[in-house]
Structure formats: structure tokens, C-alpha cells
Amino acid sequence: MVCASSPGGTLSLALAVLVADLGAAYTWPDPQIDLLESILYQHNGFRQYGLAFGVSPCNNMANMQETGRFDSAEWFRTAYHDMATADVQAGVGGIDASIGFETDRSENKGKAFNESVSFFVGFQSVRSSMADLIALGALFSVGSCSNGEVIIPFRGGRRDALEAGPTGVPQPEEALDSHTTAFARQGFNVTEMIGLVACGHSIGGVHGAYFPEIVDVVDDVNNQASRQDFDGSFDNFDNSVAKQFVANSTQNPLAFGHNETTRSDFRIFNADGGGLIHRMAESQRFFWDTCNTLLERMLNTVPADVQLTDAIQPTPVRPNNLFITVNPNGTQTVAGEVRILEDKTTSTNREVFIHLTSRSGDVVPSNPVPALTQDGLQVVGYYNNMPNFTSYLFNTSVPTTVGVSSFNVQIKDGDVDNTFSNGGQGFPLQDSLAIQEESTCYFLEYIGSQSNNTLQVTAAVRDDMEFNSVQLWVPKPINMVGTLASRFEPTAVEMEKVQSMNGTGYSLYTGLFSFMINAVGPMKQALPSIVSSDPG
């Protein structure tokens, strides 16, 4: 049976691999960071993840429903409001996606929060929490709007809240003492409060549609939200907000707006006598460096029981889309991709080879296998100082009696010849349980506001393993009341043996899993895996 994937959906399937923790050095696969690394760095091109598109260019509005708004300012605002109720001394709150439950509060006016979460939910999975996506959204906003001058290090591992957190987002009408207390609760002193507000108000403005007490409502088809900008470069993350404040030429409604009560930026920028805001105005580089430091701290504010990963770096060599297809003639087709980080020293005659290791640990006779690239297999960043990658594809056949267990990647680049062995253990490629790509399907059907998602998986299972059972595990997305984000519930489906593949040493098993969810599109990351129980 051959299945065709739903034209509207994207499904990530991979061979189930379990790898022991060999220490702090990165080894592939690492389920905690691999997907986040792809979202973080694969912006535009082959295997792009598309989240950064929402803020590229800086003034982009991916889901344009109202003029006078743009995603970068709203994604940044979403991250700050999510963090702003944190109590670092008590170890609670921070970036935890609780903002999704808090959009009906007066301290969270406007459409920004629900619309940001609704954009992020298409990228949410058991390996990419909504909280991590909110942090990534702010990171992408600053990166895009500064054209890569501010690259905030990203750590993953944030955990999503299952309910609303406390109130406590600072409001424009509050006194300086109230703001100082709120920022101290968040972990920022007076100087840091000044810097954080200046950084946050470098892009965007105030919408009169939601804050008519601060900004007048205008009748303008090109500004339906009645936005009044913080500075003259609303879509450029620069120090104009500071320069114009110091020069007394600002249009910032929170500094010199008609409502004196809501001039919170004026009070905050002068909280230290104007010292920091003057330094930020005098030096663009000082502004960027200050923002980089403060925004990294903001995004890393999480509950005390959450342990973030190390800063995620681009992986120099990483496999992707590995599949083993068992053929009726007693061979197995081993195919996949290797994504290679470009370091601007690539020669025009680069050669890439895959060195397979057999199931028994010996060299596979077909070695080395060439991996080839072509136009269209590159992925690049949307802004400066982001990595670029090229993918190389390989395909070979191995007798099922020989099998495969791992591989190394050899890269010949001019006079340089390097072999990447994944920390000495090889890149794992087990063949005891192998998803059969051509007979594995994902179907998507829309029923009103819901989508009916059906996953049909076929796997080849080695007969000599004598497993007691074979199960398909899927983290089932569940809608939650009060937020547009999802939670995930591990769900197991017993797979049934449907065919013995005579002469191959394999049998075929199938499993079917369906779920309904309120969603505007397909879940991009179903992330199923196949597990077995050993013979008793």
C-alpha cells in the first residue's frame, strides 16, 4: 500500500532511537534540543520551520486582520507580559505560557496575546513548548528588527503552565514606586528596569483602539489600531527611543503623551536622574549590548523548578529524515539527509561521504556512500549573523542480513578532510524497528472549527528480535479551556502484525491513531515513535 500525505499538512516522522547520555558534549539525537535548534536556525529554504517568517521583515503582520499592528512588537509584548508576573524570590512564574490564560485581564488589553499564541500553536509540540516558542518569538523579533545586531542566546526547556498565574503586569498609570517594586519582583533593579523598558519600547507603539486614554483614536484605513509609535523608527530595533527622549523630541506617548498620569516612560527613564537613558542615547552599540544582556535575562526568567538547557548552538553536522525501507528482495534501502553548517570556507568541489556500520559493527560493503547536494537544498537566515546550512542526500541498499547500526560522515573540502563520528559512537541508525515511509500516512479533515487528524504508521520489525509487543506512541494534543495553546498526553496504540516479508527477516506492523482538536491548521509536529517490549 502506498499513501499520499495530506497536501495541507506536514508530519515529522523519524526512526525511534534511544541513546544514553554520554556527558555534556552534544551527541545526536538529543530530543530536548534538536527540534528547537531547527526552529531557531532553519529560517528560510530547505526544511525551513517558518516561525521567524512572522517577523521578517520587522514590520510584517503574518495574519493581517487590522492595520497599524505588526508581529514583532506584539510578540515582544507577549513575552514580557508572560514574564512580568514572576516572583523570582519565591521561584514562581516567568516565561511559562500562562499569558494564554490571562488575556481577559485589564492588564493584558488588546489582541496581541491571543493572536501571538494562535500563530505559535502550529509549532507547539511535546519538544517545543509554548513557553519556548514565546521566548523564541521575542528573540526573533529583536533579531529581525536589528538585522542581526542583537542575537540573544537561546536556552530551551521551558515548561508550560496549565492555568493562569497571578496578576502583576506594570501599568502605565502606576506610580514610579509601584513600577520599581514590580521590576524588583521580576529580578531587575532600577537601572535594569530603565534599560529593559527602553529596549522593549524600541519597536512598536501604543494602540488607541485599546488605550484611548493614552492615544487618540483616528479614522485611518491604514492605521485601524490607531497606533502612535514610541519613536521615529518604530520598525527598527535601535536607540532612537533613547535619543529622541534625551533630545526632548520624542513622540513616545508614554513619555510626553497628553495624559500625564500614563507617562510611565518619563518617570522610569528619569528614575536614576537620566544617567542610563543618556548613555543608551549616546551609543548605539551600548544600547544593543545592554539590551542583549537584559533581554536574555528576561527570557531566562522561569520557575525555580525548571532547568533550562545550555545555550543552543548550531550543530555543525546533523542527520535528518533518516529512513530504512525493507524491500521484498532481501535488501533494505537506507536513505536520509545530512545538514552541514556553512562556514564560508566551502570549496566548489566539496565531497561528502557516508560510512555505514553494519548491525554487527563491521564495515558495510557498499561504503563509502556519496551524499549529494543541488540547488534548493540550502537554508538561510532572514537576517545577518545567522548560520546557513546545506543538506546532502544519500541513498543506498544493504542486505537485510547485514543491516546497519550507525554511520560516520566524511567531508572533503579542498585540502581539508574531516570525519564526524558523533562523539566517537557514530550517528545511530538502528534497524530493528523501522517506519516504512511510503506506507505511512497523515490525513487531515476539517470539520467546522476542528481538525480531524489521522496517523497511519507502518513499521518493519525484525523477526529475530522476538518482541512481545510493538506500540505506536503519540503525544496527543489536547485543547485546554482558557487558552489557545495545547497540552500533550502520551498515548499508546498497539500495532498489529499484518504481513511476514518472506526472505527478508522482517514482518510488517501497522497502527492507526486519530484525534480531534480545535486548530486552524495541521499540527506540524506529531512526533510519533515506535517502542517495543523485549521477550519475556
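Values in this document were obtained by computation on a predicted structure and should not be read as measured data.

The rules behind these values
Residues numbered from 1 in each chain as written. Predicted model: local features only at pLDDT ≥ 70, side-chain atom pairs only at ≥ 80, totals over all residues. Heavy atoms only, no water. Helix = DSSP H or I, 4+ residues; strand = E, 2+ residues; numbered from the N terminus. Rg over C-alpha atoms; globule rule 2.2 N^0.38 Å. Buried < 20%, exposed > 50% of the residue type's maximum accessible area, 1.4 Å probe, protein only. Areas by Shrake-Rupley, 256 points an atom, 1.4 Å probe, with all protein chains shown as cover. Lys, Arg positive; Asp, Glu negative; His and termini not counted. Charge placed at Lys NZ, Arg CZ, Asp CG, Glu CD. Expected span 1.5 Å × (residues − 1). Contact = heavy atoms within 4.5 Å. Axes fitted to C-alpha atoms, helices over the stretch in contact; angles between N-to-C directions. Parallel < 35°, antiparallel > 145°, perpendicular 65-115°, else oblique. Disulfide = S-S within 2.5 Å. Salt bridge = Lys/Arg side-chain N within 4 Å of Asp/Glu carboxyl O. Pairing = 2+ DSSP bridges.

## Let's talk about the overall build of the protein chain
- For the protein chain, the count of helices and strands is 11 helices and 20 strands.
- Relative to the 2.2 N^0.38 estimate, which gives 24 Å for 536 residues, the radius of gyration of the protein chain is 26 Å and therefore close to what a compact globule would have.
- Projecting the C-alpha coordinates of the protein chain onto the three principal axes gives extents of approximately 85 × 55 × 45 Å.
- Relative to its full complement of 536 residues, the protein chain shows a buried share of 54%.
- For the protein chain, the computed accessible surface area is about 22700 Å², with 50% contributed by carbon and sulfur atoms.
- Put simply, the protein chain has 29 plus and 58 minus side-chain charges, and the middle of one group is 1 Å from the middle of the other.

## Digging into helix α2 (residues 71-83)
- With 13 residues, α2 extends 18 Å from end C-alpha to end C-alpha; this agrees with the ideal 18 Å at 1.5 Å per step.
- In terms of burial, α2 is largely enclosed, as 12 of its 13 residues are buried.
- Within α2, burial applies to Asp 71, Ser 72, Ala 73, Glu 74, Trp 75, Phe 76, Thr 78, Ala 79, Tyr 80, His 81, Asp 82 and Met 83.
- Lining the buried residues of α2 we find α3 (112-120), α4 (130-145), α5 (176-186), α6 (190-200), β2 (205-207) and α11 (284-299).

## Quick word on the packing of α2 against α3
- The geometry of α2 relative to α3 is characterised by a closest axis approach of 9 Å and an angle of 100° between their N-to-C directions. In terms of orientation, α2 lies roughly perpendicular with respect to α3. Only Ala 112, Phe 113, Ser 116, Phe 119 and Phe 120 of α3 make contact with α2, whose side of the interface consists of Glu 74, Trp 75, Arg 77, Thr 78 and His 81.

## With respect to the side chain of Glu 115
- Topologically, Glu 115 is positioned in helix α3.
- Of the residues examined, Glu 115 reaches a relative accessible area of 17% and is grouped as buried.
- Ignoring sequence-local partners within four residues, the contact set of Glu 115 consists of Met 61, Gln 65 and Arg 69.

## Quick look at the state of the cysteines
- Scanning the entire structure with this criterion turns up 2 disulfides.
- At a sulfur-sulfur separation of 1.9 Å, the disulfide partner of Cys 58 is Cys 145. Judged by the sign of its S-S torsion, about 85°, the cystine formed by Cys 58 and Cys 145 is right-handed. Within this pair, whereas Cys 58 is found in the loop between β1 (44-45) and α2, its partner Cys 145 is found in helix α4, the two being separated by 87 residues in sequence. The exposure classification of Cys 58 matches that of Cys 145, with both residues buried.

## Digging into the pattern of salt bridges
- Scanning the model with the defined rule gives 22 salt bridges in all.
- In this structure, the salt-bridge partner of Arg 350 is Glu 342, at a minimum N-O distance of 3.4 Å.
- What makes Arg 350 buried here is its relative accessible area of 13%.
- The exposure class assigned to Glu 342 is partly exposed, which follows from its relative accessible area of 22%.
- Salt bridges here are not isolated pairs; linked through shared partners, they connect Glu 66, Arg 69, Glu 74, Lys 111 and Glu 115.

## Details of the sheet that holds strand β8 (residues 378-380)
- As summarised here, the arrangement of the 5 strands in space is β1-β8-β9-β5-β4, forming an open sheet in which the pairing is antiparallel. Of all the strands in the sheet, just β1 and β4 (317-326) have a single pairing partner and so form its edges.
- Sheet contacts for helix α1 (residues 34-41): β4, β5 (331-341) and β9 (389-399); angle to β4, the most-contacted strand, approximately 120°.

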